[in-house]
Amino acid sequence: MNVDQYSSKARDSSFLKRSKTPLAFVFCMTVLIGIGLHLAIDWAVNKTIMAKAEHVAMIWASNFDAELTDLETITQAGALSERQQQVIDAALSFSEVYSFTVFDPQGVLIYSSDYGVATTPSEQSQNLQAKGVFASQSPAVDIIKRTSASDVQNVFVQVFVPAIGAEGTPIGTVGLFLDKTQSAAVYAKVMGWFGWLLPGMCAILYALPAFAYVMKREQVHARTKKLALLSRFDQLTGTLNRHSMNAACHEIFEHRKPDDMTGVFFLDIDKFKTVNDEYSHEFGDAYLQFVSSALASSVRSGDLIGRMGGDEFVIVLPNATLAEMHSIGDAILQKSRAPFAFKGTTIQASVSIGFYLADAETPKKDALHAADLALYHAKANGRNTMMEYFPELDKAMLRRREVETRMRDALRSNTFEAVFQPINNPQDKSIVGFEALLRLDDKDGEPIPPDEFIPIAEETGMIHPLGRFVLESGLTAAKSWPDHVFLSVNLSPAQFKHGNLVDQVAELLETFDFPGSRLEFEVTEGLLMADEQRVSDQLIGLKQLGISIAMDDFGTGYSSLGYLWKYDFDKLKIDRVFLEGFDFDRERYQEIIETIVVLGHKMGMQVTIEGVETERQHDMLDLLACDQYQGFYFGRPMPADQALKALSEGDDNVSAA
């Protein structure tokens, strides 16, 4: 579904509908601001006029009052004195004073500029506002607006101010009627400009953001519709995202017919983290897209592909057969193995696949769990392969969890045990060294094979504390051995991961005051497969400490000879598998062993053969000039105290229980 399918007319109509509310808001706000401003302006003009009138009245009254002596003389005489008349005439000449009145302390009218001295009772009326001003000695101001016949608004101000006599004592109240029409017109005109200008500016200030808001909301609306259409898919790979995949998978499993078989693939990219770390996340993203394309081109129409996170994918195939599952899985494996090039870098990676074909009675959760177990089995069997679920995998997973739990408990309680298997000189069968090995029993006291718990330790990261424990235990025991007896310790590829192995070993050698020349590390070619520079650098650093490096399990890989040329090994350890084959094909395996011994010597390395268990094997090896023997024929792995006892007794045939 394409979001661009909507016509421009529909978009315009939608735009107008969404713009009505903001525009109406702008109009209402403009009107409200205009009304508010005009009310504020009217209030400000009034306050200005009143303040000005009060000021004028106070000045006028102060000059007028200074010339008055006693208000009672006006009442008693019934007329103004000559001096009082002169003062009043001068006061009336002040242009803004329209008329004025004089009141005694009780607010009774004494004189009015309109009709003279008040002589009759009706004229001598009491004004309460004038009385209040005398009592408070505070002015009172009122604005009076009148519209003339020519529609001109006249503005008058009535002001009552205290009257102070010549001696500075209050003698009454003076009321002034001021004509402020002209001043008010000026104020109103000036402020009127603001009354129109400010609402207009506010309208613009509101309108621009409002239109911007409408346009932004239109963009968001369009983007939201597009995102709603694309929300089902992972943006990087184009496959279904986790949420959509779970929902779609649920629909398939809920609506199966009785005869439907539903296939489920679980897969991830082998060593994808290494790809990201070595070649950048941009490279990793491109490789994810490459793999997702391989998946899309391998499945059928209607099959579901979902990225569940990171490098993990799930494929669900409705109405599938076992033959289709194998065909699709093989196609994915083949396409994923194709060289991948990006910005000048080419790699050839791979994927691991687990799958399960579920019948109509199998719940979705169980089907996904089965495929996930099969994936784990595929990774445990070397990766770059496909495995089908079988019921024993549940038992294997349960066993793995039990072993992992036991290992964590043993680390906390320090119940791992280091044992030592002797390495012997073929000439006199004397012990020349011990290989430190790790042992662990389950909760019932039964031994857990190292081949079972070491891979779990590597996957979970427990190999780091375990590796340190073995080395510390070995150095502790070796301190009591004769100086010519060396200690051999296995190193896991995972111990090279952090790049600080050399520093850790140097610290321990210094702590135990143990010479590096008496220490030997055994590594397998699996460590060297990645050809990582940090591995090479750490091997060089270990040799600089005087430590010997031995290639363990030589002959079981497919490229060991190339590594012998590249890395400066001190020793080869021939895997026990060759002696096991010697018992049923003596001539062939004897020739192979002899070839390896000669090769090692030609390259300046010592050769140790593992798995010597019988006298017949021992006699054959005596003819081949091996440098060292190791196996049950000379001694089983033993605790540190028995190893020391074997050295002190010089027993070449020690056999520990």
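None of the values given here were measured: they were computed from a predicted structure.

Q: Looking at this structure, I do not really get unusual backbone geometry. What am I missing?
A: Backbone phi values are negative for most residues with the exception of glycine, while trans is the configuration of most peptide bonds. Positive phi outside glycine occurs at Ser-280, with the angle close to 95°. Within the secondary structure layout, Ser-280 lies in the loop between α7 (272-279) and α8 (281-296). Looking at Ser-280, the relative accessible area reads 33%, which means it is partly exposed.

Q: What exactly am I supposed to notice about the pattern of salt bridges here?
A: Oppositely charged side chains may form a pair once their charged atoms are brought near each other. Taken as a whole and assessed by the stated rule, the structure comprises 20 salt bridges. For Glu-452, the salt bridge identified is with Arg-399, shortest N-O distance 2.7 Å. Residue Glu-452 is located in helix α12 (residues 450-460), and its partner Arg-399 is located in helix α11 (residues 392-413); the two are separated by 53 residues in the primary sequence. Since its relative accessible area comes to 27%, Arg-399 is described here as partly exposed. Taken together, the shared-partner salt bridges in this structure form one network comprising Arg-400, Glu-404, Arg-408 and Glu-459.

Q: How should the side chain of Asp-234 be read in this particular structure?
A: Structurally, the position occupied by Asp-234 is in the loop between α5 (181-230) and α6 (242-254). Residue Asp-234 is classed as buried on the basis of its relative accessible area, which comes to 16%. In this structure Asp-234 touches Thr-239, Leu-240, Asn-241 and Arg-307, once residues within four positions along its chain are discounted.

Q: Could you clarify how one ought to interpret the packing of aromatic side chains in this entry?
A: Describing an aromatic ring pair means giving the distance of the ring centres and the angle of the ring planes. Under the defined criterion, the tally for this structure stands at 16 aromatic pairs. Through successive ring pairs, a cluster of aromatic residues spans Tyr-279, Phe-283, Tyr-287, Phe-290, Phe-340 and Phe-342. The lysine or arginine in question, Arg-588, covers the ring of Tyr-589, its NZ or CZ lying 5.6 Å from the ring centre. Sitting above the plane of the Phe-632 ring, Arg-636 keeps its charged end 4.1 Å from the centroid.

Q: It is not clear to me how the pairing of strand β7 (residues 262-269) should be interpreted in this structure. Could you clarify?
A: Remark: a regular strand shows side chains that alternate across the two faces of the sheet. The buried fraction of β7 is high, at eight of eight residues. The side-chain alternation of β7 yields two buried faces, one formed by Thr-262, Val-264, Phe-266 and Asp-268 and the other by Gly-263, Phe-265, Leu-267 and Ile-269. Pairing between β7 and strand β12 (residues 351-358): eight bridges, direction antiparallel. For Leu-267, the partnering residue across the bridge sits in β12 and is Ile-353.

Q: So what exactly am I meant to see when it comes to α6 here?
A: With 13 residues, α6 ought to run about 18 Å at 1.5 Å a step, and its terminal C-alpha atoms sit 18 Å apart, in line with that. Looking only at α6, the buried set comprises Ser-244, Met-245, Ala-248, Cys-249, Ile-252 and Phe-253. Angularly, the buried residues of α6 cover 160° about the axis, an arc narrow enough to put them on a single face. Exposed residues lying more than 90 degrees from the buried face of α6 are His-243 and Glu-254. Tucked into the core, α6 has its buried residues touching β7, β8 (304-309), β9 (312-317), β12 and α10 (364-380).

Q: Would you mind going over the packing of α10 against α11 with me for this structure?
A: Geometry of a packed helix pair, given as the angle between the helix axes and the separation of the axes. Their axes nearest at 10 Å, the elements α10 and α11 cross at an angle of 70°. Classified by the interaxial angle, the pair formed by α10 and α11 is roughly perpendicular. As for how α10 packs across α11, the hand of that crossing is left-handed. Only Leu-393, Asp-394, Met-397 and Arg-400 of α11 make contact with α10, whose side of the interface consists of His-369, Leu-373, Ala-374, Tyr-376 and His-377. Looking at the contact of α10 with α11 residue by residue, the classes come out as five nonpolar, two polar and two charged.

Q: How should I be thinking about a negative patch on the surface in this particular structure?
A: The grouping of Glu-417, Asp-441, Asp-444 and Glu-446 at the surface amounts to a negative patch. In this fold, Glu-446 is placed in the loop between β15 (431-439) and α12. Given the relative accessible area of 48%, Glu-446 is considered partly exposed.

Q: Would you take a moment to explain helix α21 (residues 640-649) for this structure?
A: Think of an α-helix as 3.6 residues a turn; residues three or four steps apart then line up on the same face. All of the buried residues in α21 are Ala-643, Ala-646 and Leu-647. Here the buried residues of α21 occupy an arc of 100° about the axis, which is enough to place them on one side. Facing away from the buried side of α21 by over 90 degrees, the exposed positions are Asp-641 and Ser-648. Along its buried surface, α21 packs onto β14 (417-424) and β15.

The rules behind each value
Residues numbered from 1 in each chain as written. Predicted model: local features only at pLDDT ≥ 70, side-chain atom pairs only at ≥ 80, totals over all residues. Heavy atoms only, no water. Helix = DSSP H or I, 4+ residues; strand = E, 2+ residues; numbered from the N terminus. Buried < 20%, exposed > 50% of the residue type's maximum accessible area, 1.4 Å probe, protein only. Salt bridge = Lys/Arg side-chain N within 4 Å of Asp/Glu carboxyl O. Contact = heavy atoms within 4.5 Å. Phe/Tyr/Trp six-rings, centres within 6.5 Å; stacked < 30°, edge-to-face > 60°. Lys NZ or Arg CZ within 6 Å of the ring centre and 35° of its normal. Pairing = 2+ DSSP bridges. Expected span 1.5 Å × (residues − 1). Arc of directions from axis to C-beta. Axes fitted to C-alpha atoms, helices over the stretch in contact; angles between N-to-C directions. Parallel < 35°, antiparallel > 145°, perpendicular 65-115°, else oblique. Left-handed = near helix turned anticlockwise from the far one by under 90°. Nonpolar A, V, L, I, M, F, W, Y, C, P; charged D, E, K, R; others polar. Patch = residues over 30% accessible without salt bridge, like charges linked within 9 Å, V, L, I, M, F, W, Y side chains within 5 Å. Areas by Shrake-Rupley, 256 points an atom, 1.4 Å probe, with all protein chains shown as cover. Lys, Arg positive; Asp, Glu negative; His and termini not counted. Charge placed at Lys NZ, Arg CZ, Asp CG, Glu CD.

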